[in-house]
Amino acid sequence: MSKVAVITGSGGGLGKGIAERLAKDGFKVVVNDINAEAVNSTVEEIKAGGYEVIGVQGDVSKKEHQFLLVQRAVEVFGRLDVFVNNAGIDVVTPFLDVDEAQLNKAFSINVNGVVFGTQAAAEQFKKQESKGKIINACSIAGHESYEMLSTYSATKHAVKSFTHSSAKELAPYNIRVNAYCPGVAGTAMWDRIDEEMVKYYDHMEPGDAFKEFSGNILLGRPQEPEDVANLVSFLASDDSDYITGQAIVTDGGLVFR
Ligand SMILES: NC(=O)C1=CN([C@@H]2O[C@H](COP(=O)(O)OP(=O)(O)OC[C@H]3O[C@@H](n4cnc5c(N)ncnc54)[C@H](O)[C@@H]3O)[C@@H](O)[C@H]2O)C=CC1
Ligand SMILES: CC(=O)C(C)=O
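Remember, predicted model here, so these are calculated numbers, not experimental data.

1. Notes on helix α2 (residues 36-48)
When the terminal C-alpha atoms of α2 are compared, their 18 Å separation across 13 residues agrees well with the 18 Å that a helix rising 1.5 Å per residue should span. Taken together, the buried positions of α2 are occupied by Ala38, Val39, Thr42, Val43 and Ile46. Axial view of α2: buried residues confined to an arc of 130°, hence all on one face. Of the exposed residues in α2, the ones pointing more than 90 degrees away from its buried face are Glu37 and Ala48. Looking at the buried side of α2, the elements it contacts are α1 (13-24), β2 (28-33) and β3 (53-57). Between the side-chain oxygen of the N-cap and the backbone nitrogen of Glu37 there are 3.1 Å, and the N-cap of α2 in question is Asn35.

Listed below in structure tokens is the structure:
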């Protein structure tokens, strides 16, 4: 029997890489994103590889959408085994300039979204009386706190904390909760971070912020979605059954915890 995995924010970037990898690992995959076009194109690409996949458009910051996402996965594939809370957004600005709308948006997607996704998945695992795995997108910014990314870093510290506490509450139900903490990956998120940072620092030109951050990586290159997917694949597999409540760094050697 194939297992079933839901990956939020998998219309592009790291989430897409994770969805592709879990499909190759043998999971039936549910692609979710707020961007319907991105959902459709990722679904078509994965389908073209001969894998079983569906798409569900939705906004992770809406509790109802998260429960409908799990409901749809179960209607189509019969069960749920892995839920990856991947969707997240950046906020790039000195904290003195952050306004209420930016702050609320970042927390509602990066933090509330993870809480609602975890609730929806955990309720389904409990109903099934099966083992379940919840895997959250944290970041090196959940271990270290960065200038210009202060509120983003705060959301990722919250994700780390919630990973710890939800793992404690869910362990009695045979549910593991872990997080992956990527470093610097050249997705659309880093295109935006670079663009915004360059606006604030006179000495920087386009591409400089990305170069500066990734220049310190011990392994000598920025992260690829496949690097992140390797860790998520492990956390989704039975090989990680004795691990819960951890926020594991995958960054090529940048932040040491
Ligand atoms: N790119 C990087 O270097 C790092 C990324 N991360 C984290 O990894 C996760 C994925 O990041 P990337 O792929 O780089 O970001 P991205 O911006 O390239 O892709 C994020 C995807 O999430 C979707 N999304 C945004 N808001 C959503 C919502 N409310 N509901 C559903 N989907 C939504 C977007 O449409 C997009 O397809 C994020 O949580 C991010 O914070 C962590 C560390 C480093
Ligand atoms: C986007 C992100 O989390 C970092 C630290 O680069």
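2. Topic: the environment of Lys211
By the element assignment, Lys211 lies in helix α7 (residues 208-214). Lys211 sits 10 residues away from Arg221 along the chain, and the two C-alpha atoms are 9.8 Å apart.

3. Describing the site of ligand 1
By nearness alone, 29 residues border ligand 1, and Leu14, Asp33, Tyr152, Ala185 and Thr187 come closest of all. Between an oxygen atom of ligand 1 and a side-chain N or O atom of Lys156, the distance comes to 3.0 Å. Gly183 has a polar backbone atom sitting 3.4 Å from an oxygen atom of ligand 1. In the complex, the protein chains occlude 93% of the 830 Å² of accessible area that ligand 1 would expose alone. Listed by contribution, the elements that provide at least two residues to the shell around ligand 1 are α1, β2, α5 (150-170) and α6 (188-200). Taken together, the residues that form the shell around ligand 1 break down as 15 nonpolar, 10 polar and 4 charged. A domain split of the shell around ligand 1 shows at least three residues from each of domain 1 (4-183 + 224-250) and domain 2 (184-222).

4. Comments concerning the UniProt feature "binding site: NAD(+)" (unreviewed entry) in the chain
Within this structure's numbering, the places UniProt gives as "binding site: NAD(+)" (unreviewed entry) are Asp33, Asp59, Val60, Asn86, Tyr152, Lys156, Pro182, Gly183, Val184, Ala185, Gly186 and Thr187. A maximum C-alpha distance of 24.7 Å shows the annotated residues, which cover 155 residues in sequence, to be distributed over more than one spot. Each residue touching Asp33, except ones within four places of it in the same chain, is listed here: Gly9, Ser10, Gly11, Gly12, Val39, Val56, Gln57 and Gly58. Looking at Asp33, its side chain comes within polar contact range of the main-chain nitrogen of Asn35, at 3.0 Å. Along the chain, the position of Ala185 falls in the loop between β6 (175-182) and α6. In this view, Ala185 contacts Leu14, Trp190, Phe210 and Gln223; residues no more than four positions away in its chain are not counted.

5. Structural notes on the packing of helix α4 (residues 100-128) against α5
Interhelical geometry of α4 versus α5 gives an angle of 15° and a closest axis separation of 9 Å. Judged on the interaxial angle alone, α5 and α4 are roughly parallel. Of the two elements, α4 crosses α5, and the hand of that crossing is right-handed. Side by side, α4 and α5 meet where Leu103, Ala106, Phe107, Asn110, Val111, Val114, Val115, Thr118 and Ala122 of the first sit next to Thr151, Tyr152, Ala154, Thr155, Lys156, Ala158, Val159, Phe162, Ser166 and Leu170 of the second. Considering only residue class, the contact of α4 with α5 consists of 13 nonpolar, 5 polar and 1 charged.

Each value, and the rule that gives it
Just so you know, the residues in each chain are numbered from 1, in the order the chain's sequence is written. Note on labels: chains are lettered from A, ligands numbered from 1, in written order. Local features in this predicted model are restricted to residues of pLDDT 70 or higher, and side-chain atom pairs are both shown and tallied only at a pLDDT of 80 or more, whereas totals for entire chains, interfaces and linings draw on every residue. To obtain the side-chain values, all non-hydrogen atoms of the structure were included, while hydrogens and water were left out. Only DSSP runs of H or I with at least four residues qualify as helices, and only runs of E with at least two residues qualify as strands; both kinds are numbered from the N terminus onward. For a helix, the expected span equals 1.5 Å multiplied by the residue count minus one. Here's how the labels work: a residue is buried when its accessible area is under 20% of the maximum for its type, exposed when over 50%, partly exposed in between, all with a 1.4 Å probe on protein chains only. Regarding the arc, it is the one traced by the directions from the helix axis to the C-beta atoms. Two residues form a contact once any of their heavy atoms are found within 4.5 Å. Here a polar contact is recorded for every N or O atom pair within 3.5 Å, except that within protein the pair must consist of a potential hydrogen donor and a potential acceptor, and residues adjacent in sequence are included only if both atoms are side-chain atoms. We call a residue near a molecule or strand as soon as one heavy atom of that residue lies within 4 Å of the molecule or strand. Residue-level accessible areas treat just the shown protein chains as cover; the underlying method is Shrake-Rupley with a 1.4 Å probe. When residue character is reported, Ala, Val, Leu, Ile, Met, Phe, Trp, Tyr, Cys and Pro are called nonpolar, Asp, Glu, Lys and Arg charged, and the others, Gly included, polar. Domain delimitation in this document rests on an assignment produced automatically or drawn from a domain database. UniProt positions are given in the numbering used here, feature names are shortened, and annotations may be inferred rather than shown by experiment. In this analysis an axis means a line fitted to C-alpha atoms, helices contributing only their contacting stretch, and an angle means the value between N-to-C directions, from 0 to 180 degrees. Oblique is the label for any angle not covered by the other classes, which are roughly parallel (under 35 degrees), roughly antiparallel (over 145) and roughly perpendicular (65 to 115). Left-handed describes a crossing whose near helix is turned anticlockwise from the far helix through less than a right angle; right-handed describes the clockwise counterpart.

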